[in-house]
Structure formats: C-alpha cells, structure tokens
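Residue strings, one per chain:
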Amino acid sequence: MSFPSFNLLAQSILSGIFIGGLYGLIGLGLGLTWGLLRQINLAHFGLVFLAAYMSYHMATVWHVDPLLTLLILPPLFFLFGVGMQWVLSRFAISPFNSLLVTFGITVVMESVIQAIWTADFRRLETHYNDQKFTIGSLYIPVPELVTLVVAVSLSLLIWAAMRYTDLGKALRAMAEDGPIAAAFGINQKGMSLMLAGICAALAAVAGICLALTFTLTPSQIFAWVGVVFAAVMLGGLGSALGPLVAGIIIGVSEAITMAVAAPSWAPIVSFSLLIVMLLFRPGKL
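Everything numeric in this text was worked out from a predicted model, so none of it was measured. (Residues numbered from 1 in each chain as written. Predicted model: local features only at pLDDT ≥ 70, side-chain atom pairs only at ≥ 80, totals over all residues. Heavy atoms only, no water.)

What am I meant to see in the overall build of the chain here?
Helix and strand counts for the chain come out as 11 helices and 2 strands. In the chain, the order of α-helices and β-strands from amino to carboxyl end is α-α-α-α-β-β-α-α-α-α-α-α-α. In terms of C-alpha radius of gyration, the chain reaches 19 Å, essentially the compact-globule figure of 19 Å for 285 residues. Evaluated residue by residue, the chain yields a buried proportion of 49% over its 285 residues. If the 11 positive side-chain charges of the chain are averaged to one point and the 10 negative ones to another, these points end up 11 Å apart. (Helix = DSSP H or I, 4+ residues; strand = E, 2+ residues; numbered from the N terminus. Rg over C-alpha atoms; globule rule 2.2 N^0.38 Å. Buried < 20%, exposed > 50% of the residue type's maximum accessible area, 1.4 Å probe, protein only. Lys, Arg positive; Asp, Glu negative; His and termini not counted. Charge placed at Lys NZ, Arg CZ, Asp CG, Glu CD.)

Quick question: what am I supposed to make of the nonpolar core here?
Looking at soluble globular proteins, one finds that nonpolar side chains tend to be buried together. Of all hydrophobic cores here, the largest spans 74 residues; its most connected members are Phe45, Phe49, Trp224 and Phe229. At 15 residues, the largest contribution of residues to this core is made by helix α8 (residues 188–213). Among residues more than four places away in sequence, those in contact with phenylalanine 45 are Ile26, Leu30, Ile221, Trp224, Val225, Val228 and Phe229. (Core = buried A, V, L, I, M, F, W, Y, C linked by side-chain atoms within 4.5 Å. Contact = heavy atoms within 4.5 Å.)

What should I look at first to understand a nonpolar patch on the surface in this one?
Residues Leu68, Leu71, Ile72 and Leu76 make up a contiguous nonpolar surface patch of roughly 370 Å² in combined accessible area. Along the chain, the position of leucine 68 falls in the loop between α2 (43–60) and α3 (69–88). On the accessibility criterion, leucine 68 (41% relative accessible area) is partly exposed. (Patch = residues over 30% accessible without salt bridge, like charges linked within 9 Å, V, L, I, M, F, W, Y side chains within 5 Å. Areas by Shrake-Rupley, 256 points an atom, 1.4 Å probe, with all protein chains shown as cover. Salt bridge = Lys/Arg side-chain N within 4 Å of Asp/Glu carboxyl O.)

What is the right way to read the pairing of strand β2 (residues 138–141) from this model?
A regular strand places its side chains so that they alternate between the two faces of the sheet. In terms of strand pairing, strand β1 (residues 132–135) meets β2 through 4 bridges, oriented antiparallel. Residue pairing across strands places phenylalanine 133 opposite isoleucine 140, the latter belonging to β2. Between the antiparallel neighbours β1 and β2 lie 2 residues, among them glycine 136 with a positive phi of about 65°. (Pairing = 2+ DSSP bridges.)

In this structure, what is going on with the packing of α2 against α3? I would like to understand it.
Any two packed helices are characterised by how steeply their axes cross, that is the angle between the axes, and by the distance between the axes. Contact geometry of α2 with α3 gives a least axis separation of 11 Å together with a crossing angle of 145°. The two elements α2 and α3 meet at a crossing, and its hand is right-handed. Taking contact as the criterion, the partners of Ala43, Leu47, Leu50, Ala51, Met54, Ser55 and Met58 in α2 are, on α3, Thr69, Ile72, Leu73, Phe77, Phe80 and Met84. Considered class by class, the residues forming the contact of α2 with α3 number 11 nonpolar, 2 polar and no charged. (Axes fitted to C-alpha atoms, helices over the stretch in contact; angles between N-to-C directions. Left-handed = near helix turned anticlockwise from the far one by under 90°. Nonpolar A, V, L, I, M, F, W, Y, C, P; charged D, E, K, R; others polar.)

For this particular structure, what's the right way to read the confidence of the model for the chain?
Any residue range with low pLDDT should be treated as having predicted coordinates unsuitable for detailed reading. For the chain, the average pLDDT comes to 89, and 96% of its residues sit at 70 or higher. Taken element by element, the chain is modelled with least confidence in helix α11 (residues 266–280), mean pLDDT 75, and with most confidence in α2, mean pLDDT 96. (pLDDT = per-residue confidence, 0-100.)

What exactly am I supposed to notice about the packing of aromatic side chains here?
Each aromatic ring pair is characterised by the separation of its centres together with the angle its planes make. Under the criterion given, the structure shown has 7 aromatic pairs. Where tryptophan 34 meets phenylalanine 229, the ring centres are 5.3 Å apart and the plane angle is 50°; that geometry is what we call tilted. Here tryptophan 34 is found in helix α1 (residues 6–37), whereas its partner phenylalanine 229 is found in helix α9 (residues 225–235), with 195 residues between them in sequence. Following the ring pairs from residue to residue traces out a cluster consisting of Tyr23, Phe214 and Trp224. (Phe/Tyr/Trp six-rings, centres within 6.5 Å; stacked < 30°, edge-to-face > 60°.)

For this particular structure, what's the right way to read the environment of valine 252?
Residue placement: valine 252 occurs in helix α10 (residues 242–260). What makes valine 252 buried here is its relative accessible area of 17%. Separated by 233 residues in sequence, valine 252 and isoleucine 19 place their C-alpha atoms 8.2 Å apart. With near-sequence residues (within four places) excluded, valine 252 lies in contact with Ile13, Gly16 and Ile17.

Would you mind showing me how to read unusual backbone geometry here?
Negative phi values dominate among residues other than glycine, just as trans dominates among peptide bonds. Within the chain, histidine 63 stands out as a residue other than glycine whose phi angle is a positive 60°. Within the secondary structure layout, histidine 63 lies in the loop between α2 and α3. The phi dihedral of threonine 118 falls on the positive side, at around 65°, and the residue is not glycine. Structurally, the position occupied by threonine 118 is in the loop between α4 (95–117) and β1. By relative accessible area, which is 33% here, threonine 118 ends up partly exposed.

Structure (structure tokens):
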C-alpha cells in the first residue's frame, strides 16, 4: 500500500463524486418506491438498463443526440411504470413478494435486451466523450458532469416537491398511514400509479446517464444492485436527497480505496458502511 500523490488523490475524489452522483440518481426512484409504496422494485434496474440501451440505439442508429433522449424516453417509461403498478396493484403483494416478482421482471428485461442487442459490450460514442474541462491539473469529463448536474437537480426538485407541495404532502401522508390518508380524501390508487410512473421516468433518466458514461452489457444489471441498495438504505427509504448524499459518500470512499489500496477492495466499502450504520443506528431503516 502506497499513499498516492495529491493530484491523483484529488482526481480520485472527483471521480468518486461523479460515480456517487450516478449511484444516487439510480437509487432515487428505487428509494421512493421502497419508502412510499412499500415495494422493493428490482425491476428498477432493468428499466435503467433498458433505457440505456434504447438511448444507445437512438443515438447510433437514428443519430438522435443522447441528451435529446432525456425528453423522449422518460415520458414513455412513465407510462410503462403506471402500467406495471396497475398490474401489481391487482394483487395483494407484500414487500418480500414484490422483491421476488420484480426480480422475475428484471430477468425478463435482461433476456429482452440480450435478444435485441446481444450480450456484446456496447459503448455509446458521441462528441461528448472527448469533451472535458480542466481545473488546474484536474480533468472534468462532460458526460460525468452532466450526470452529476442531473442527479443534483432532480434530487433537489423532488425534495422541494415532497416538502412544499400538496401532492408531496399527500404522498408522505399515504406512506405514513394509508387508511387515515384515504379517510381525508387522498386517492391512494391514483397516487400510487403516478408515483410508480415518476420512478420509472427517473429510471429512464438514470439509464441515459449510464449510457453516456459506461460501457453496457446485459449481465451488468445485477452488478449495480448491491451498491445502489446500500446507497438507498444509508440515505433513508423514501428520501429524495439521502441516496444522493450516501451515493457520493460511497463513491468517494471507493475511489480513495482504489487509489490507496487496490481496485479489488472497492466493493467492500459500501457494505462496510452499511454494516456500521446498522450497528450504531439500527432504527435508521
């Protein structure tokens, strides 16, 4: 183990902030579904990768600017999320059963992605890949910067909506005590459908950002589950800003670990942080 130079350490921290922003962006929709709808929606990861591949296809085959797909794909995924929630709401599904059902949906999505785009590695090559800013000796790639800005903006927007709008207050009341909320006239079914659609749209945004910054292959869907789950649980279920903050903490911790020790140690970080939180703050979850 050797201590890295200041420039390497600073660049590692910056990279950790960028990847942490993506962790938080992916975890945003998952945490809202888990905390407010009481569903552990593993299909969220399938939607993220489906959106990533669709963005890749639209950019490489139809020559649509990847950032323009941010206006095209989220509305489509909103409708898909509403439809999936409508089907799930027809059955009495517990949180554990939702984990099993949505795991099956994710496997189906993985098979569909592999059938259409094969299992080969896919890389979205755009003019954004070569664009970067420099601050002294530090490099700031444009795709990673876009991802971080989108993650922070959406997290703040949803936080403000949940805190200050009647819609957000109704969603929080529904999650806190459904029967009492219904007694005061809150349409639980309509709220659930809308929230599921919003979370699916957030998955689409995260998938587009994923395609901008990472090489894609269908088998990677489940590789993201552990670290994003850790970010969601560390940040708090149903929180808008928590997953982003936790994701950045995890990302920076992983980056410093890779710089100081070895890349193979990085996956230990997120679960070590989660175990520490469970030991000292068991009521957090």
